[in-house]
Amino acid sequence: MHVPSLIERKRDGGELTDAEIGRIVADFTAGSLPDYQMSALAMAICWRGMCPRETAALTRAMLESGSVLHHPPGHPPVVDKHSTGGIGDKVSLILAPLLACDRLWVPMISGRGLGITGGTLDKLEAIPGFRVGLSEAETLAQLETIGVVMIGQTEAICPADKKLYALRDVTGTVPSIPLIVASILSKKLAESLDRLVLDVKYGSGAFMKTDEAARDLADAMRHVGEAMGVRITTRLNPMDEPLGHAVGNALEVREAIDTLQGRGPADLVAITLDLAAAVSDAPREQLAAWLSDGTAWAKFQALVAAQGGDVSCLDHFETVHPAPVRHPVTADRSGVVSRLDAGTIGHASLSLGAGRSRADDAVDFAVGFSDLVKTGSTVRAGDCLGIIHARSEADAAAAAEAFRAALTIVA
Ligand code: URA
(Lines give C-alpha, C1' and ligand atoms only; values in the text may rest on other atoms or scores of the structure.)
Protein backbone atom coordinates (compact mmCIF):
# COMPACT_ATOMS: atom_id res chain seq x y z
CA MET A 1 0.00 0.00 0.00
CA HIS A 2 1.49 3.34 -1.08
CA VAL A 3 0.04 5.74 1.50
CA PRO A 4 1.03 9.04 -0.25
CA SER A 5 -1.00 7.95 -3.31
CA LEU A 6 -4.06 7.29 -1.11
CA ILE A 7 -3.71 10.72 0.53
CA GLU A 8 -3.38 12.33 -2.91
CA ARG A 9 -6.44 10.47 -4.19
CA LYS A 10 -8.55 11.71 -1.27
CA ARG A 11 -7.06 15.21 -1.59
CA ASP A 12 -8.23 15.26 -5.22
CA GLY A 13 -11.76 14.13 -4.33
CA GLY A 14 -11.45 10.42 -5.10
CA GLU A 15 -12.73 7.50 -3.05
CA LEU A 16 -10.83 4.92 -1.01
CA THR A 17 -11.78 1.24 -1.12
CA ASP A 18 -12.96 -0.63 1.97
CA ALA A 19 -9.72 -2.64 1.94
CA GLU A 20 -7.58 0.51 1.79
CA ILE A 21 -9.48 2.09 4.67
CA GLY A 22 -9.19 -1.10 6.73
CA ARG A 23 -5.45 -1.28 6.16
CA ILE A 24 -4.88 2.43 6.93
CA VAL A 25 -6.72 2.12 10.27
CA ALA A 26 -4.97 -1.15 11.20
CA ASP A 27 -1.50 0.24 10.38
CA PHE A 28 -2.19 3.53 12.18
CA THR A 29 -3.36 1.66 15.30
CA ALA A 30 -0.30 -0.59 15.20
CA GLY A 31 1.99 2.46 14.87
CA SER A 32 3.38 1.58 11.44
CA LEU A 33 1.52 4.41 9.67
CA PRO A 34 2.94 7.64 11.11
CA ASP A 35 0.90 10.48 12.62
CA TYR A 36 1.93 12.92 9.86
CA GLN A 37 0.36 10.73 7.15
CA MET A 38 -2.78 10.15 9.19
CA SER A 39 -3.06 13.90 9.87
CA ALA A 40 -2.75 14.68 6.17
CA LEU A 41 -5.40 12.11 5.35
CA ALA A 42 -7.72 13.44 8.09
CA MET A 43 -7.35 16.95 6.62
CA ALA A 44 -8.09 15.63 3.12
CA ILE A 45 -11.23 13.92 4.52
CA CYS A 46 -12.21 17.17 6.22
CA TRP A 47 -12.12 18.98 2.88
CA ARG A 48 -13.35 16.27 0.52
CA GLY A 49 -15.64 14.24 2.80
CA MET A 50 -16.39 10.56 2.40
CA CYS A 51 -19.27 8.78 0.68
CA PRO A 52 -21.60 6.65 2.88
CA ARG A 53 -19.74 3.47 1.91
CA GLU A 54 -16.37 4.93 2.90
CA THR A 55 -17.80 6.26 6.20
CA ALA A 56 -19.23 2.82 7.01
CA ALA A 57 -15.88 1.20 6.16
CA LEU A 58 -14.04 3.66 8.41
CA THR A 59 -16.51 3.00 11.24
CA ARG A 60 -16.13 -0.78 10.86
CA ALA A 61 -12.32 -0.56 10.76
CA MET A 62 -12.25 1.57 13.93
CA LEU A 63 -14.68 -0.79 15.66
CA GLU A 64 -12.56 -3.79 14.68
CA SER A 65 -9.40 -2.13 16.03
CA GLY A 66 -10.44 -3.27 19.52
CA SER A 67 -12.73 -5.57 21.42
CA VAL A 68 -16.53 -5.57 21.51
CA LEU A 69 -18.97 -6.81 24.15
CA HIS A 70 -20.14 -10.39 23.60
CA HIS A 71 -23.62 -10.84 24.98
CA PRO A 72 -24.79 -14.37 25.80
CA PRO A 73 -27.31 -16.16 23.55
CA GLY A 74 -30.92 -15.20 24.26
CA HIS A 75 -30.03 -11.86 25.83
CA PRO A 76 -32.69 -9.11 26.02
CA PRO A 77 -32.56 -6.32 23.42
CA VAL A 78 -29.44 -4.21 23.95
CA VAL A 79 -30.13 -0.48 23.68
CA ASP A 80 -28.43 2.86 24.21
CA LYS A 81 -28.59 6.58 23.51
CA HIS A 82 -25.91 8.93 22.25
CA SER A 83 -26.16 12.68 22.55
CA THR A 84 -23.88 15.05 20.68
CA GLY A 85 -23.65 17.06 23.89
CA GLY A 86 -25.18 20.10 25.41
CA ILE A 87 -25.26 22.37 28.44
CA GLY A 88 -26.88 20.92 31.56
CA ASP A 89 -27.56 17.65 29.73
CA LYS A 90 -27.87 15.02 32.48
CA VAL A 91 -30.31 12.83 30.51
CA SER A 92 -28.05 9.74 30.48
CA LEU A 93 -28.11 9.51 34.29
CA ILE A 94 -31.90 9.23 34.19
CA LEU A 95 -32.45 7.39 30.92
CA ALA A 96 -30.07 4.45 31.47
CA PRO A 97 -31.75 3.18 34.68
CA LEU A 98 -35.18 4.02 33.25
CA LEU A 99 -34.61 1.78 30.20
CA ALA A 100 -33.39 -1.04 32.45
CA CYS A 101 -36.84 -0.96 34.15
CA ASP A 102 -38.15 -2.26 30.79
CA ARG A 103 -35.90 -5.38 31.10
CA LEU A 104 -33.68 -4.05 28.32
CA TRP A 105 -29.90 -4.21 28.62
CA VAL A 106 -28.16 -0.83 28.69
CA PRO A 107 -24.35 -1.09 28.52
CA MET A 108 -23.73 2.64 28.33
CA ILE A 109 -20.17 3.66 27.40
CA SER A 110 -19.83 7.41 27.95
CA GLY A 111 -17.17 10.09 27.69
CA ARG A 112 -15.72 12.88 29.77
CA GLY A 113 -16.50 16.54 29.26
CA LEU A 114 -14.37 18.60 26.93
CA GLY A 115 -14.77 22.32 26.27
CA ILE A 116 -18.26 23.59 27.10
CA THR A 117 -19.81 20.12 26.81
CA GLY A 118 -20.16 18.21 30.08
CA GLY A 119 -19.44 14.49 30.33
CA THR A 120 -21.48 11.73 31.91
CA LEU A 121 -18.38 10.10 33.44
CA ASP A 122 -17.46 13.31 35.29
CA LYS A 123 -20.99 13.52 36.69
CA LEU A 124 -20.97 9.88 37.82
CA GLU A 125 -17.59 10.37 39.49
CA ALA A 126 -19.09 13.16 41.60
CA ILE A 127 -20.78 10.27 43.47
CA PRO A 128 -18.17 9.17 46.05
CA GLY A 129 -16.77 5.72 45.24
CA PHE A 130 -18.47 5.34 41.82
CA ARG A 131 -16.20 3.26 39.52
CA VAL A 132 -16.49 3.88 35.78
CA GLY A 133 -13.63 1.54 34.85
CA LEU A 134 -15.15 -1.96 34.91
CA SER A 135 -13.70 -5.01 33.15
CA GLU A 136 -15.68 -6.73 30.39
CA ALA A 137 -16.50 -9.58 32.80
CA GLU A 138 -17.80 -7.12 35.43
CA THR A 139 -19.80 -5.28 32.76
CA LEU A 140 -21.50 -8.45 31.54
CA ALA A 141 -22.15 -9.69 35.09
CA GLN A 142 -23.81 -6.38 36.00
CA LEU A 143 -26.00 -6.51 32.88
CA GLU A 144 -27.16 -9.97 33.99
CA THR A 145 -28.06 -8.77 37.48
CA ILE A 146 -29.51 -5.26 37.02
CA GLY A 147 -29.57 -4.67 33.23
CA VAL A 148 -27.60 -1.42 33.27
CA VAL A 149 -23.96 -0.44 33.50
CA MET A 150 -22.35 2.99 32.95
CA ILE A 151 -18.66 2.92 32.09
CA GLY A 152 -15.89 4.73 30.22
CA GLN A 153 -14.03 3.71 27.08
CA THR A 154 -11.26 1.25 28.03
CA GLU A 155 -7.88 0.78 26.33
CA ALA A 156 -9.39 -2.28 24.64
CA ILE A 157 -12.38 -0.49 23.07
CA CYS A 158 -11.73 1.30 19.74
CA PRO A 159 -8.03 2.11 20.25
CA ALA A 160 -8.00 3.53 16.69
CA ASP A 161 -10.55 6.17 17.71
CA LYS A 162 -8.62 7.08 20.83
CA LYS A 163 -5.45 7.65 18.79
CA LEU A 164 -7.17 9.38 15.87
CA TYR A 165 -9.27 11.66 18.11
CA ALA A 166 -6.12 12.85 19.91
CA LEU A 167 -4.57 13.64 16.53
CA ARG A 168 -7.68 15.41 15.20
CA ASP A 169 -7.84 17.50 18.35
CA VAL A 170 -4.45 19.10 17.58
CA THR A 171 -4.64 19.24 13.77
CA GLY A 172 -7.89 21.15 13.21
CA THR A 173 -9.67 18.05 11.90
CA VAL A 174 -12.46 17.54 14.46
CA PRO A 175 -15.33 19.15 12.47
CA SER A 176 -15.76 16.57 9.71
CA ILE A 177 -19.01 14.61 9.48
CA PRO A 178 -17.45 11.28 8.33
CA LEU A 179 -14.77 11.48 11.04
CA ILE A 180 -17.34 12.38 13.72
CA VAL A 181 -19.72 9.61 12.61
CA ALA A 182 -16.98 6.95 12.64
CA SER A 183 -15.68 8.16 16.01
CA ILE A 184 -19.06 8.18 17.74
CA LEU A 185 -20.55 5.07 16.18
CA SER A 186 -17.46 2.85 16.49
CA LYS A 187 -17.55 3.36 20.28
CA LYS A 188 -21.30 2.84 20.54
CA LEU A 189 -21.29 -0.20 18.27
CA ALA A 190 -18.62 -1.79 20.50
CA GLU A 191 -21.52 -2.30 22.93
CA SER A 192 -23.02 -4.76 20.35
CA LEU A 193 -26.31 -2.87 20.26
CA ASP A 194 -29.65 -3.81 18.77
CA ARG A 195 -31.12 -0.29 18.97
CA LEU A 196 -29.63 3.17 19.36
CA VAL A 197 -31.30 6.56 19.65
CA LEU A 198 -29.22 9.56 18.61
CA ASP A 199 -29.96 12.92 20.20
CA VAL A 200 -28.37 15.43 17.84
CA LYS A 201 -28.30 18.92 19.32
CA TYR A 202 -28.15 22.20 17.46
CA GLY A 203 -27.83 25.78 18.66
CA SER A 204 -25.48 28.02 20.58
CA GLY A 205 -24.61 25.38 23.20
CA ALA A 206 -24.06 22.57 20.68
CA PHE A 207 -21.37 21.35 18.37
CA MET A 208 -23.73 21.79 15.39
CA LYS A 209 -24.97 25.38 15.21
CA THR A 210 -27.89 24.93 12.80
CA ASP A 211 -30.64 22.35 12.42
CA GLU A 212 -29.47 21.72 8.82
CA ALA A 213 -26.00 20.74 10.06
CA ALA A 214 -27.57 18.57 12.77
CA ARG A 215 -29.80 16.90 10.15
CA ASP A 216 -26.75 16.08 7.98
CA LEU A 217 -24.96 14.51 10.96
CA ALA A 218 -28.08 12.59 12.03
CA ASP A 219 -28.64 11.25 8.48
CA ALA A 220 -25.01 10.18 8.14
CA MET A 221 -25.11 8.39 11.51
CA ARG A 222 -28.38 6.64 10.70
CA HIS A 223 -27.07 5.44 7.36
CA VAL A 224 -23.89 3.96 8.82
CA GLY A 225 -25.60 2.48 11.89
CA GLU A 226 -28.23 0.78 9.76
CA ALA A 227 -25.57 -0.51 7.36
CA MET A 228 -24.08 -2.19 10.39
CA GLY A 229 -27.33 -3.84 11.44
CA VAL A 230 -28.42 -1.55 14.29
CA ARG A 231 -31.91 -0.01 14.46
CA ILE A 232 -31.18 3.72 14.61
CA THR A 233 -33.64 6.45 15.57
CA THR A 234 -32.57 10.08 15.38
CA ARG A 235 -33.94 13.11 17.20
CA LEU A 236 -32.93 16.72 16.61
CA ASN A 237 -33.15 18.85 19.75
CA PRO A 238 -32.43 22.58 20.18
CA MET A 239 -29.70 23.59 22.63
CA ASP A 240 -30.17 27.35 22.88
CA GLU A 241 -30.77 27.38 26.65
CA PRO A 242 -29.46 24.96 29.31
CA LEU A 243 -31.47 21.78 29.87
CA GLY A 244 -33.27 21.81 33.23
CA HIS A 245 -32.16 24.26 35.93
CA ALA A 246 -28.64 23.06 36.75
CA VAL A 247 -25.23 23.11 35.00
CA GLY A 248 -22.15 21.60 36.67
CA ASN A 249 -21.25 18.08 37.74
CA ALA A 250 -22.63 17.59 41.29
CA LEU A 251 -25.42 20.11 40.64
CA GLU A 252 -26.56 18.06 37.65
CA VAL A 253 -26.42 14.81 39.64
CA ARG A 254 -28.70 16.48 42.21
CA GLU A 255 -31.15 17.42 39.45
CA ALA A 256 -31.01 13.91 37.98
CA ILE A 257 -31.83 12.48 41.44
CA ASP A 258 -34.79 14.88 41.73
CA THR A 259 -35.99 13.70 38.32
CA LEU A 260 -35.62 10.04 39.26
CA GLN A 261 -37.63 10.82 42.39
CA GLY A 262 -40.44 12.22 40.23
CA ARG A 263 -39.65 15.92 40.68
CA GLY A 264 -37.86 16.71 37.42
CA PRO A 265 -38.15 19.92 35.41
CA ALA A 266 -40.59 19.65 32.49
CA ASP A 267 -38.02 20.05 29.68
CA LEU A 268 -35.69 17.42 31.16
CA VAL A 269 -38.50 14.93 31.74
CA ALA A 270 -39.89 15.47 28.22
CA ILE A 271 -36.62 14.87 26.38
CA THR A 272 -35.76 11.86 28.56
CA LEU A 273 -39.13 10.25 27.80
CA ASP A 274 -38.85 11.04 24.05
CA LEU A 275 -35.42 9.43 23.80
CA ALA A 276 -36.33 6.46 26.00
CA ALA A 277 -39.54 5.79 24.04
CA ALA A 278 -37.50 5.61 20.81
CA VAL A 279 -35.65 2.45 21.94
CA SER A 280 -38.01 0.98 24.53
CA ASP A 281 -40.79 -1.56 24.07
CA ALA A 282 -42.79 0.16 26.82
CA PRO A 283 -45.20 2.99 25.95
CA ARG A 284 -44.29 6.51 26.99
CA GLU A 285 -46.97 6.49 29.74
CA GLN A 286 -45.33 3.45 31.34
CA LEU A 287 -41.90 5.08 31.17
CA ALA A 288 -43.36 8.21 32.79
CA ALA A 289 -44.91 6.07 35.53
CA TRP A 290 -41.55 4.40 36.28
CA LEU A 291 -40.04 7.88 36.68
CA SER A 292 -42.73 9.06 39.05
CA ASP A 293 -43.39 5.90 41.13
CA GLY A 294 -39.82 5.24 42.32
CA THR A 295 -39.07 2.27 40.01
CA ALA A 296 -36.36 4.12 38.04
CA TRP A 297 -35.00 5.64 41.25
CA ALA A 298 -34.60 2.16 42.78
CA LYS A 299 -32.78 1.04 39.62
CA PHE A 300 -30.44 4.04 39.82
CA GLN A 301 -29.63 3.22 43.45
CA ALA A 302 -28.92 -0.40 42.44
CA LEU A 303 -26.61 0.91 39.69
CA VAL A 304 -24.71 3.17 42.09
CA ALA A 305 -24.33 0.35 44.62
CA ALA A 306 -23.19 -2.14 41.95
CA GLN A 307 -20.43 0.23 40.82
CA GLY A 308 -19.14 0.96 44.31
CA GLY A 309 -20.85 4.32 44.80
CA ASP A 310 -22.09 5.60 48.16
CA VAL A 311 -25.88 5.21 47.97
CA SER A 312 -26.40 6.74 51.42
CA CYS A 313 -25.32 10.20 50.20
CA LEU A 314 -27.81 10.38 47.31
CA ASP A 315 -30.69 11.64 49.44
CA HIS A 316 -28.69 14.66 50.62
CA PHE A 317 -26.44 15.06 47.60
CA GLU A 318 -26.37 18.88 47.84
CA THR A 319 -24.18 18.46 50.97
CA VAL A 320 -21.58 16.25 49.26
CA HIS A 321 -19.79 18.90 47.18
CA PRO A 322 -20.78 22.30 48.61
CA ALA A 323 -19.13 25.23 46.81
CA PRO A 324 -17.49 27.80 49.12
CA VAL A 325 -19.31 30.69 47.40
CA ARG A 326 -23.01 30.77 46.45
CA HIS A 327 -23.93 33.92 44.59
CA PRO A 328 -27.54 34.59 43.52
CA VAL A 329 -28.12 36.62 40.36
CA THR A 330 -31.27 38.76 40.50
CA ALA A 331 -33.37 40.44 37.82
CA ASP A 332 -32.67 44.14 37.36
CA ARG A 333 -36.04 44.69 35.70
CA SER A 334 -39.46 43.06 35.34
CA GLY A 335 -40.49 41.27 32.16
CA VAL A 336 -40.31 37.98 30.30
CA VAL A 337 -37.04 36.06 29.96
CA SER A 338 -36.57 35.68 26.20
CA ARG A 339 -33.01 34.30 26.18
CA LEU A 340 -30.56 32.47 28.47
CA ASP A 341 -27.80 31.61 26.05
CA ALA A 342 -26.58 28.03 26.50
CA GLY A 343 -23.18 28.64 24.89
CA THR A 344 -22.43 31.60 27.19
CA ILE A 345 -23.53 29.66 30.29
CA GLY A 346 -21.41 26.71 29.11
CA HIS A 347 -18.31 28.91 28.79
CA ALA A 348 -18.98 30.46 32.20
CA SER A 349 -19.32 27.00 33.75
CA LEU A 350 -16.02 25.99 32.13
CA SER A 351 -14.35 29.11 33.58
CA LEU A 352 -15.72 28.27 37.04
CA GLY A 353 -13.88 24.93 36.74
CA ALA A 354 -16.76 22.55 36.00
CA GLY A 355 -15.30 21.47 32.65
CA ARG A 356 -11.90 20.97 31.08
CA SER A 357 -10.15 22.86 28.29
CA ARG A 358 -7.63 20.03 27.78
CA ALA A 359 -8.29 16.33 28.00
CA ASP A 360 -6.02 15.91 31.04
CA ASP A 361 -7.46 18.79 33.15
CA ALA A 362 -9.23 17.92 36.43
CA VAL A 363 -12.84 19.03 36.93
CA ASP A 364 -14.30 20.70 40.02
CA PHE A 365 -17.47 18.78 40.99
CA ALA A 366 -18.89 21.60 43.16
CA VAL A 367 -19.08 24.57 40.81
CA GLY A 368 -21.63 25.67 38.21
CA PHE A 369 -25.15 27.07 38.19
CA SER A 370 -28.38 26.01 39.88
CA ASP A 371 -31.96 27.33 39.99
CA LEU A 372 -31.61 28.70 36.45
CA VAL A 373 -34.64 30.53 35.14
CA LYS A 374 -36.26 29.17 31.96
CA THR A 375 -36.97 31.25 28.88
CA GLY A 376 -40.62 32.26 28.71
CA SER A 377 -40.78 32.86 32.49
CA THR A 378 -42.25 36.11 33.74
CA VAL A 379 -39.99 37.70 36.37
CA ARG A 380 -40.11 40.76 38.60
CA ALA A 381 -37.18 43.04 39.42
CA GLY A 382 -35.28 41.46 42.32
CA ASP A 383 -36.34 37.85 41.55
CA CYS A 384 -33.59 35.21 41.63
CA LEU A 385 -32.65 34.12 38.10
CA GLY A 386 -30.03 31.56 39.10
CA ILE A 387 -27.39 30.76 41.71
CA ILE A 388 -23.68 30.68 40.89
CA HIS A 389 -21.62 28.06 42.78
CA ALA A 390 -17.96 29.13 42.77
CA ARG A 391 -14.58 28.51 44.42
CA SER A 392 -13.98 32.23 45.04
CA GLU A 393 -15.73 35.60 45.07
CA ALA A 394 -13.70 36.65 42.02
CA ASP A 395 -14.84 33.56 40.06
CA ALA A 396 -18.44 34.26 41.09
CA ALA A 397 -18.21 37.89 39.95
CA ALA A 398 -16.86 36.85 36.54
CA ALA A 399 -19.62 34.24 36.19
CA ALA A 400 -22.26 36.84 37.18
CA GLU A 401 -21.03 39.12 34.40
CA ALA A 402 -21.26 36.26 31.90
CA PHE A 403 -24.73 35.35 33.21
CA ARG A 404 -25.96 38.90 32.55
CA ALA A 405 -24.52 38.79 29.04
CA ALA A 406 -26.34 35.47 28.45
CA LEU A 407 -29.70 36.84 29.59
CA THR A 408 -32.36 38.94 27.86
CA ILE A 409 -35.49 40.16 29.65
CA VAL A 410 -38.08 41.92 27.50
CA ALA A 411 -40.64 44.27 29.01
N1 URA B 1 -17.44 12.95 20.00
C2 URA B 1 -16.68 11.90 19.64
O3 URA B 1 -16.62 10.90 20.35
N4 URA B 1 -15.99 12.00 18.48
C5 URA B 1 -16.04 13.08 17.68
O6 URA B 1 -15.41 13.07 16.65
C7 URA B 1 -16.83 14.17 18.08
C8 URA B 1 -17.54 14.08 19.25
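Residues numbered from 1 in each chain as written. Predicted model: local features only at pLDDT ≥ 70, side-chain atom pairs only at ≥ 80, totals over all residues. Heavy atoms only, no water.

**Q** Report on the pattern of salt bridges, specifying residues and quantitative values.
**A** Under the counting rule described, the total for this entry stands at 27 salt bridges. A salt bridge links Arg-112 to Asp-122; its shortest N-O distance comes to 3.2 Å. Of the two residues, Arg-112 sits in the loop between strand S2 (106-110) and helix H6 (120-125) while Asp-122 sits in helix H6, which places them 10 residues apart along the sequence. When its relative accessible area of 40% is taken as the criterion, Arg-112 is described as partly exposed. (Salt bridge = Lys/Arg side-chain N within 4 Å of Asp/Glu carboxyl O. Helix = DSSP H or I, 4+ residues; strand = E, 2+ residues; numbered from the N terminus. Buried < 20%, exposed > 50% of the residue type's maximum accessible area, 1.4 Å probe, protein only.)

**Q** Before we move on, could you go through the sheet that holds strand S10 (residues 384-390) and cite the residues and values that matter?
**A** Strand order in the open sheet formed by three strands is S6-S10-S8, with antiparallel pairing between adjacent strands. Each end of this open sheet is capped by a strand with a single partner; those strands are strand S6 (325-330) and strand S8 (368-370). Taken over all neighbouring pairs, the strand axes of this sheet differ in orientation by 30° on average, direction set aside. Relative to S10, S8 is paired through three bridges, and the arrangement is antiparallel. Paired with Gly-368 across the two strands is His-389, which belongs to S10. Helix H16 (residues 393-406) contacts S6, S8 and S10 of the sheet and is inclined by roughly 25° relative to S6. (Pairing = 2+ DSSP bridges. Axes fitted to C-alpha atoms, helices over the stretch in contact; angles between N-to-C directions. Contact = heavy atoms within 4.5 Å.)

**Q** Please give an account of helix H2 (residues 18-30) that cites residues and values.
**A** Helix length check: H2 (13 residues) gives 18 Å between terminal C-alpha atoms against 18 Å at 1.5 Å per residue, within 8%. The complete set of buried residues in H2 reads Glu-20, Ile-21, Ile-24, Val-25, Asp-27 and Phe-28. After H2 finishes, the residue Gly-31 shows a positive phi value of roughly 95°. (Expected span 1.5 Å × (residues − 1).)

**Q** Can you break down the sheet that holds strand S9 (residues 378-379) residue by residue, with the values?
**A** With antiparallel pairing, the three strands of this open sheet are ordered in space as S9-S7-S11. At either end of the open sheet lies a strand with only one pairing partner, and these are S9 and strand S11 (407-410). As paired elements, strand S7 (residues 335-340) and S9 share two bridges and run antiparallel to each other. Bridging across to S9, Gly-335 finds its partner in Val-379.

**Q** Give a description of the environment of Leu-193 that names residues and reports values.
**A** Mapped onto the elements, Leu-193 comes out in the loop between helix H9 (177-189) and strand S4 (195-202). In the structure, Leu-193 is positioned 152 residues away from Ile-345 in sequence and 34 Å away in space, judged by C-alpha atoms. Other than its neighbours up to four places away in sequence, Leu-193 contacts Val-78, Val-79, Asp-80, Lys-188 and Val-230.

**Q** How would you summarise the packing of aromatic side chains if you had to cite specific residues and measurements?
**A** Within the structure shown, the criterion is met by two aromatic pairs. When the centroid spacing of 6.2 Å and the interplanar angle of 20° are considered together, the rings of Trp-297 and Phe-300 count as stacked. On the criterion of helical spacing, the pair formed by Trp-297 and Phe-300 is a turn pair, its members being three residues apart in helix H14 (residues 295-306). With a relative accessible area of 1%, Phe-300 lands in the buried category. (Phe/Tyr/Trp six-rings, centres within 6.5 Å; stacked < 30°, edge-to-face > 60°.)

**Q** Provide a residue-level description of the side chain of Arg-356, including the pertinent values.
**A** Here Arg-356 lies in the loop between helix H15 (342-352) and S8. Looking at Arg-356, the relative accessible area reads 5%, which means it is buried. One polar contact links the side chain of Arg-356 to the main-chain carbonyl oxygen of Gly-113, over a distance of 3.0 Å. A distance of 2.9 Å separates polar atoms of two side chains, one belonging to Arg-356 and the other to Asp-122. Among residues more than four places away in sequence, those in contact with Arg-356 are Arg-112, Gly-113, Leu-114, Gly-115, Asp-122, Leu-350, Asp-361 and Val-363. (Polar contact = N/O pair within 3.5 Å; in protein donor to acceptor, adjacent residues only side chain to side chain.)

**Q** So what about the domain arrangement of the protein chain? Which residues, and what values?
**A** For the protein chain, the assigned domains are domain 1 (3-63), domain 2 (79-315) and domain 3 (325-410). Placing a centre on the C-alpha atoms of domain 1 and another on those of domain 3 gives a separation of 42 Å. (Domains from an automatic or database assignment.)

**Q** Pulling in residues and values, what's your account of the site of the ligand?
**A** Looking at the ligand, the residues that line it are Tyr-165, Arg-168, Ile-180, Ser-183, Ile-184 and Lys-187. Between the ligand and the protein, one listed contact pairs an oxygen atom with a side-chain N or O atom of Arg-168 at 2.9 Å. In the model, a nitrogen atom of the ligand is placed 2.6 Å from a nitrogen or oxygen of the Ser-183 side chain. In the complex, 80% of the free accessible area of the ligand, which totals 240 Å², lies under the protein chains. By residue number, the principal contributor to the shell around the ligand is H9, which donates four residues. Looking at the shell around the ligand residue by residue, the classes come out as three nonpolar, one polar and two charged. (Near = heavy atom within 4 Å. Areas by Shrake-Rupley, 256 points an atom, 1.4 Å probe, with all protein chains shown as cover. Nonpolar A, V, L, I, M, F, W, Y, C, P; charged D, E, K, R; others polar.)

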